[in-house]
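# A structural walkthrough
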Amino acid sequence: KLLGFCIIAFLYRLYTLDEIGKYYLLINILSVFIALVQIGSEKPLINYNVQKKRKNEYTIIKTRFLISLIFAPILFLISFNFFESATLLVALIVSVTLVISSLNFAYILIAKKKFLNHSLIGTMVQFVVFLFFGLAIYFDFKPNIIFHQFIPTFLLHLLCFIVIF
């Protein structure tokens, strides 16, 4: 929690209130799309993993991935057309973040009751984001604010994948 607080403080030092407001609106729209992709799938995924019903588990993962591929162009158009500060890069990153989020393998750690691993991965990802924005302030560099969402999403899913497999 402390790292998250410091990251928010870094954001307010790097960006204007207008940039932060637009960013959080875009992230809330992304959150709605992620919720639509993952709606009601977490508990069945955990249960199927525990019961070793791999076919059902893979079906849910494939469905989430396909739904995210359908929603990605819609999210791309929304972020590119309705946010004048959103560049092509930002719209692409938001869409890729949606697709990456559909491949969330953290449920396997939860199903195997590896809560400590899950917590450590989350803390390590927050620390990387903290370092990224801390170094940005130190070197007087202003990265695109969308990296506040993309870096943790990408790292969290990558590290969960590495730990699991």
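The structure presented is a predicted model; accordingly, all values stated were derived computationally and were not measured.

### Brief notes about the overall build of the chain
Broken down by element type, the chain carries eight helices and zero strands. Each helix and strand of the chain, ordered N terminal to C terminal, gives the series α-α-α-α-α-α-α-α. Against the 2.2 N^0.38 benchmark of 15 Å for 165 residues, the chain shows a C-alpha radius of gyration of 17 Å, consistent with a compact globule. For the chain, restricting intrachain contacts to residue pairs at least 6 apart in sequence, the fraction spanning at least 24 positions comes to 76%. Summed over its atoms, the accessible surface of the chain is roughly 9700 Å², and 72% of this surface lies on carbon and sulfur atoms. When the 14 basic and 6 acidic side-chain charges of the chain are each reduced to a single mean position, those positions are 21 Å apart.

### Quick word on the environment of L66
Tracing the backbone shows L66 in helix α4 (residues 54-82). When its relative accessible area of 51% is taken as the criterion, L66 is described as exposed. Through-space distance from the C-alpha of L66 to that of V99 is 8.9 Å; in sequence the pair is 33 residues apart.

### Looking at the pattern of salt bridges
Under the criterion given, the structure shown has four salt bridges. The residue D18 makes a salt bridge to K22 at a minimum N-O spacing of 3.4 Å. Here K22 and D18 lie together in helix α2 (residues 17-38), a separation of four residues that amounts to about one turn. A relative accessible area of 22% places K22 in the partly exposed class.

### Looking at the packing of α4 against helix α5 (residues 88-102)
In the contact formed by α4 and α5, the axes pass within 8 Å of each other and the chain directions differ by 160°. In this view, α4 runs roughly antiparallel relative to α5, as classed from their interaxial angle. α5 is crossed by α4, and the crossing has right-handed handedness. Of the residues in α5, those touching α4 at R64, F65, S68, L69, F71, A72, L75, F76, S79 and F80 are L88, A91, L92, V94, S95, L98, V99, S101 and S102. Broken down by class, the residue content of the contact of α4 with α5 amounts to 13 nonpolar, five polar and one charged.

### Details of α2
The end-to-end C-alpha distance of α2 is 31 Å, a good match for the 32 Å that 22 residues give at a rise of 1.5 Å each. Turning to α2, its buried residues number three or more, namely I20, Y23, L26, I27, L30, F33, I34, V37 and Q38. Within α2, the buried residues cover an arc of 140° as seen down the axis, which keeps them to one side. Among the exposed residues of α2, those pointing more than 90 degrees away from its buried face are L17 and D18. Once α2 ends, the next one or two residues include G40, with phi positive near 70°.

### Points about a nonpolar patch on the surface
On the surface, F127, L131, L135, Y138, F139 and F141 cluster together into a nonpolar patch covering about 690 Å² of accessible area. Within the fold, L135 resides in helix α7 (residues 115-138). With a relative accessible area of 45%, L135 lands in the partly exposed category.

### Observations regarding the side chain of S68
Here S68 shows up in helix α4. Given a relative accessible area of 0%, S68 falls into the buried group. A polar side-chain atom of S68 sits 3.2 Å from a polar atom in the side chain of S102. The contact partners of S68, leaving out residues within four places of it in the chain, are V37, L98, V99 and S102.

Calculation notes
- Residues numbered from 1 in each chain as written.
- Predicted model: local features only at pLDDT ≥ 70, side-chain atom pairs only at ≥ 80, totals over all residues.
- Heavy atoms only, no water.
- Helix = DSSP H or I, 4+ residues; strand = E, 2+ residues; numbered from the N terminus.
- Rg over C-alpha atoms; globule rule 2.2 N^0.38 Å.
- Contact = heavy atoms within 4.5 Å.
- Areas by Shrake-Rupley, 256 points an atom, 1.4 Å probe, with all protein chains shown as cover.
- Lys, Arg positive; Asp, Glu negative; His and termini not counted.
- Charge placed at Lys NZ, Arg CZ, Asp CG, Glu CD.
- Buried < 20%, exposed > 50% of the residue type's maximum accessible area, 1.4 Å probe, protein only.
- Salt bridge = Lys/Arg side-chain N within 4 Å of Asp/Glu carboxyl O.
- Axes fitted to C-alpha atoms, helices over the stretch in contact; angles between N-to-C directions.
- Parallel < 35°, antiparallel > 145°, perpendicular 65-115°, else oblique.
- Left-handed = near helix turned anticlockwise from the far one by under 90°.
- Nonpolar A, V, L, I, M, F, W, Y, C, P; charged D, E, K, R; others polar.
- Expected span 1.5 Å × (residues − 1).
- Arc of directions from axis to C-beta.
- Patch = residues over 30% accessible without salt bridge, like charges linked within 9 Å, V, L, I, M, F, W, Y side chains within 5 Å.
- Polar contact = N/O pair within 3.5 Å; in protein donor to acceptor, adjacent residues only side chain to side chain.

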